[in-house]
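Summary of the model geometry
Here is how the chains run, residue by residue.
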Amino acid sequence: MSSDSIKTFNNVESPGFVGFANLPNQVHRKSVKKGFEFTLMVVGESGLGKSTLVNSLFLTDLYPERAIPDAIAKTKQTVKLDASTVEIEERGVKLRLTVVDTPGFGDAIDNSDSFRAIIQYIDEQYERFLKDESGLNRRHIIDNRVHCCFYFVSPFGHGLKPLDIELMKKLHNKVNIVPVIAKSDVLTKKEIQRLKKRILEEINSNGIKIYPLPDCDSDEDEDYKEQVKQLKEAVPFAVCGANQLLEVRGKKVRGRFYPWGVVEVENPEHCDFIKLRTMLITHMQDLQEVTQEVHYENYRSERLAKGVPVPKRTTSLPEHEKNSGSEKDRILQEKEAELKRMQDVIAKMQAQIQQQTP
């Protein structure tokens, strides 16, 4: 090949440029086509506005047919987990969102066992994922692991209750906890700051690990660094939710109407709703990665360290996959038997050599 043709070829691709800088675009297209899965758990006492906040966050109605129990029913109610899944599409990007609610938490007179069902549900999802990972058909594994837990703290107390501390201690090694002060519109700004400080002090003094927002790299954009800084300073997020549209100064806003004025949900001056949603959306991938690399790996290593074999999946396979699987098992067993025979022969030969040597 002549030097002129080499120069022409290099000019087309531009010197020093291979092309792998386009890899993120390939990943992006593949991810968008496949869609995303995310599971959010909301934990807190009844009446703190958990359902309203979730509906406000994702602009959807996840609980269209929910029946609200009366006071007598609440005293007898046990904790039941209610998982609602909805497919959300925005600008061609699909999100399969599962929200796990915990109705009945903290409502009973004796709440000593109220966290058992919550922990059991989280462990069951890890166990299901471990079974699917260990199975034969691993192409279409649905990830139902809990990636984030919004823990709702009552605004009417003076910090965390003993029940809150106990449950958060049991959850912090299993799931990403994000503390949320519910119904913050009942508090003044000074009261909110005082409550935030108190909650953080109690979290630190009790050794509770909440989800740490990842630090920014030095080459990140200055606006992004400022955004992350503001999000870190806002923890725990003081929020209020509303699904009603009101007209304020000629604009339609979602908020709550009071005799003294309107609380705008999406106004950063009124509450941390926007900051909470920004945190969830911009760090959704990181929440999934921490769940996979930290919490799930902890569960998996503990599970395997106990020496208990992973139960086989009960999902039935197609007939041709069953046949191929049984054929592979037969060949494998034959090879193992042949290997054992060879090992026995070698052992006998070694024994004979040792006997012959003086």
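These lines cover the structure that appears in this document, whether it is placed above or below. (Residues numbered from 1 in each chain as written. Predicted model: local features only at pLDDT ≥ 70, side-chain atom pairs only at ≥ 80, totals over all residues. Heavy atoms only, no water.)

1. Regarding the overall build of the protein chain
For the protein chain, the count of helices and strands is eleven helices and nine strands. A total of 358 residues make up the protein chain; the buried ones form 35% of that total. Taking all contacts inside the protein chain whose residues are at least 6 apart in sequence as the whole, residues at least 24 apart take part in 72%. Accessible surface for the protein chain amounts to roughly 23000 Å². Of this, 52% is attributable to carbon and sulfur atoms. (Helix = DSSP H or I, 4+ residues; strand = E, 2+ residues; numbered from the N terminus. Buried < 20%, exposed > 50% of the residue type's maximum accessible area, 1.4 Å probe, protein only. Contact = heavy atoms within 4.5 Å. Areas by Shrake-Rupley, 256 points an atom, 1.4 Å probe, with all protein chains shown as cover.)

2. Some remarks on the sheet that holds strand 7 (residues 245–248)
If you walk across this open sheet you meet the three strands as 7-8-9, and the pairing is antiparallel. A strand with exactly one partner marks an edge of an open sheet, and here the two such strands are strand 7 and strand 9 (261–264). Sheet twist, expressed as the mean angle between neighbouring strand axes with direction ignored, is 70°. Direction of pairing for strand 7 relative to strand 8 (residues 251–258): antiparallel, over a ladder of four bridges. Bridge pairing in strand 8 places Leu246 opposite Val253. (Pairing = 2+ DSSP bridges. Axes fitted to C-alpha atoms, helices over the stretch in contact; angles between N-to-C directions.)

3. What about the nonpolar core?
Phe38, Phe150, Phe237, Leu276, Met279 and Leu280 are the most contacted members of the largest nonpolar core, which totals 37 residues. Residues within four places of Leu276 in sequence aside, it is in contact with Leu53, Phe150, Val178, Val180, Phe237 and Val239. (Core = buried A, V, L, I, M, F, W, Y, C linked by side-chain atoms within 4.5 Å.)

4. Quick word on the pairing of strand 9
Summarising the sheet, strand 8 and strand 9 pair through four bridges and their orientation is antiparallel. The residue of strand 9 that forms the bridge with Arg256 is Val263. Remark: two residues form the turn of the hairpin made by strand 8 and strand 9, two consecutive strands paired antiparallel.

5. So, the pairing of strand 2 (residues 82–90)
Pairing between strand 2 and strand 3 (residues 93–101): nine bridges, direction antiparallel. Across the sheet, residue Val86 finds its bridge partner in strand 3, namely Leu97. Between the antiparallel neighbours strand 2 and strand 3 lie two residues, among them Arg91 with a positive phi of about 50°.

6. A closer look at unusual backbone geometry
Note that the residue after Val235, namely Pro236, is joined by a cis bond; omega there is -5°. Note on placement: Pro236 falls in the loop between helix 8 (222–234) and strand 6 (237–238). Here the phi dihedral of Lys183 falls at roughly 45°; this positive angle occurs in a residue that is not glycine.

7. Focus: the pattern of salt bridges
Taken as a whole and assessed by the stated rule, the structure comprises twelve salt bridges. A salt bridge links Glu266 to Arg277; the nearest nitrogen and oxygen atoms lie 3.4 Å apart. One end of the pair, Glu266, is in the loop between strand 9 and helix 9 (273–282); the other, Arg277, is in helix 9, and eleven residues separate them in sequence. Overall, the relative accessible area of 35% leaves Glu266 in the partly exposed class. Arg277 sits in the partly exposed class, given a relative accessible area of 22%. Among the salt bridges present, the one from Glu297 reaches Arg300, with a minimum N-O distance of 3.9 Å. Of this pair, Glu297 and Arg300 both sit in helix 10 (residues 284–305), separated by three residues, roughly a single helical turn. (Salt bridge = Lys/Arg side-chain N within 4 Å of Asp/Glu carboxyl O.)

8. What to know about the sheet that holds strand 3
On the basis of which strands lie adjacent, the open sheet formed by six strands has the order 2-3-1-4-5-6 and mixed pairing. Edge positions in the sheet fall to strand 2 and strand 6, since each has one partner strand and no second. Those strands touched by helix 7 (residues 189–205) are strand 4 (148–153), strand 5 (177–181) and strand 6, and its axis lies near 150° from that of strand 5.

9. Some details on the packing of helix 3 (residues 50–58) against helix 9
Helix packing geometry: the angle between the two helix axes and the distance between the axes. At a minimum axis distance of 11 Å, the contact between helix 3 and helix 9 shows a crossing angle of 65°. With respect to their mutual orientation, helix 3 and helix 9 come out roughly perpendicular. Our pair here, helix 3 against helix 9, has a crossing hand that is right-handed. Taking contact as the criterion, the partners of Leu53, Ser56, Leu57 and Phe58 in helix 3 are, on helix 9, Phe273, Leu276, Arg277 and Leu280. Class assignment for the residues of the contact of helix 3 with helix 9 results in six nonpolar, one polar and one charged. (Parallel < 35°, antiparallel > 145°, perpendicular 65-115°, else oblique. Left-handed = near helix turned anticlockwise from the far one by under 90°. Nonpolar A, V, L, I, M, F, W, Y, C, P; charged D, E, K, R; others polar.)

10. Considering helix 3
The buried fraction of helix 3 amounts to seven of the nine residues, a majority that puts the element mostly inside the structure. Three or more residues of helix 3 are buried, namely Lys50, Leu53, Val54, Asn55, Ser56, Leu57 and Phe58. Packed against the buried residues of helix 3 are strand 1 (36–43), strand 2, strand 3, strand 4, strand 8 and helix 9. Positive phi appears at Leu59, one or two residues downstream of helix 3, with a value of about 50°.

11. Structural notes on the packing of aromatic side chains
A complete count under the given rule lists three aromatic pairs for this structure. Taking the centre distance of 5.2 Å and the plane angle of 85° together, the rings of Phe129 and Tyr296 count as edge-to-face. Note that Phe129 is positioned in helix 5 (residues 116–134) and Tyr296 in helix 10, a separation of 167 residues in sequence. In this pair, the class of Phe129 matches that of Tyr296, namely buried. By way of ring pairs, the aromatic residues Tyr126, Phe129, Tyr296 and Tyr299 are connected into one cluster. One cation-aromatic arrangement involves Arg145 over Tyr296; the distance from NZ or CZ to the ring centre is 4.9 Å. (Phe/Tyr/Trp six-rings, centres within 6.5 Å; stacked < 30°, edge-to-face > 60°. Lys NZ or Arg CZ within 6 Å of the ring centre and 35° of its normal.)

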